[in-house]
Amino acid sequence: METNKTFTMIKPDAVAAGHIGAILDKITKNGFKIIALKYTSLSTDKAGQFYAVHSERPFYKNLVAFMSSGPIVAAILEKDNAVEDFRKLIGATDPSKADMGTIRNLFAKSIEANAVHGSDSDENAQIEGSFFFSAFEKF
Ligand code: CMP
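Residues numbered from 1 in each chain as written. Predicted model: local features only at pLDDT ≥ 70, side-chain atom pairs only at ≥ 80, totals over all residues. Heavy atoms only, no water.

Asks: Tell me what's going on with the site of the ligand, and back it up with residues and numbers.
Replies: Every residue lining the ligand is accounted for by K11, Y51, H54, F59, L63, T93, R104, I111, E112, N114 and H117. Contacts to the ligand include K11, whose side-chain N or O atom sits 2.7 Å from an oxygen atom. At a separation of 3.4 Å, an oxygen atom of the ligand approaches a polar backbone atom of I111. About the coverage of the ligand: the protein hides 79% of its 460 Å² of free accessible area. Classifying every residue of the shell around the ligand gives four nonpolar, four polar and three charged. (Near = heavy atom within 4 Å. Polar contact = N/O pair within 3.5 Å; in protein donor to acceptor, adjacent residues only side chain to side chain. Areas by Shrake-Rupley, 256 points an atom, 1.4 Å probe, with all protein chains shown as cover. Nonpolar A, V, L, I, M, F, W, Y, C, P; charged D, E, K, R; others polar.)

Structure (structure tokens):
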């Protein structure tokens, strides 16, 4: 299992607020190399599949509606210890609990509209990256 890759999405709230450039800048300035990048959107079916692991949670339906409400940016990032380091860079799921200077502290609106997604394990990074990108789209 690779330990030097993670997957991220810039979510509809941050895209709509015009934060794509600032977030990608912060990501690259913190030593992550972008090896795949896509500006796209999720249908409700695709958002439901992506977040299927949360299907029993009370917030699942709203999360799926939110994640399919507008365009997103999907990316695969490379760096040593990528999953853990990226989760530090984005901060806690709930932006009110995210450390100062983290991406969610700077750009997120709420626990649901929390600006970015970051994979929670090497295994999920691989699964989530492959959800969006073929081998021909990774460089
Ligand atoms: P993410 O890191 O993409 O993983 C699951 C997402 O579910 C999370 O970010 C939030 O957008 C959302 N989420 C997690 N917990 C809650 C909650 N308590 N209420 C609403 N949305 C949540």
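Asks: Account for the pairing of strand β3 (residues 72-78), naming residues and giving values.
Replies: By the criterion of burial, β3 is predominantly enclosed, with six of the seven residues buried. As paired elements, strand β1 (residues 5-10) and β3 share six bridges and run antiparallel to each other. From the neighbouring strand, F7 faces β3, where its bridge partner is I76. Sheet analysis places strand β2 (residues 33-40) next to β3, joined by seven bridges and oriented antiparallel. (Buried < 20%, exposed > 50% of the residue type's maximum accessible area, 1.4 Å probe, protein only. Helix = DSSP H or I, 4+ residues; strand = E, 2+ residues; numbered from the N terminus. Pairing = 2+ DSSP bridges.)

Shape is all these values report; function is a separate question.
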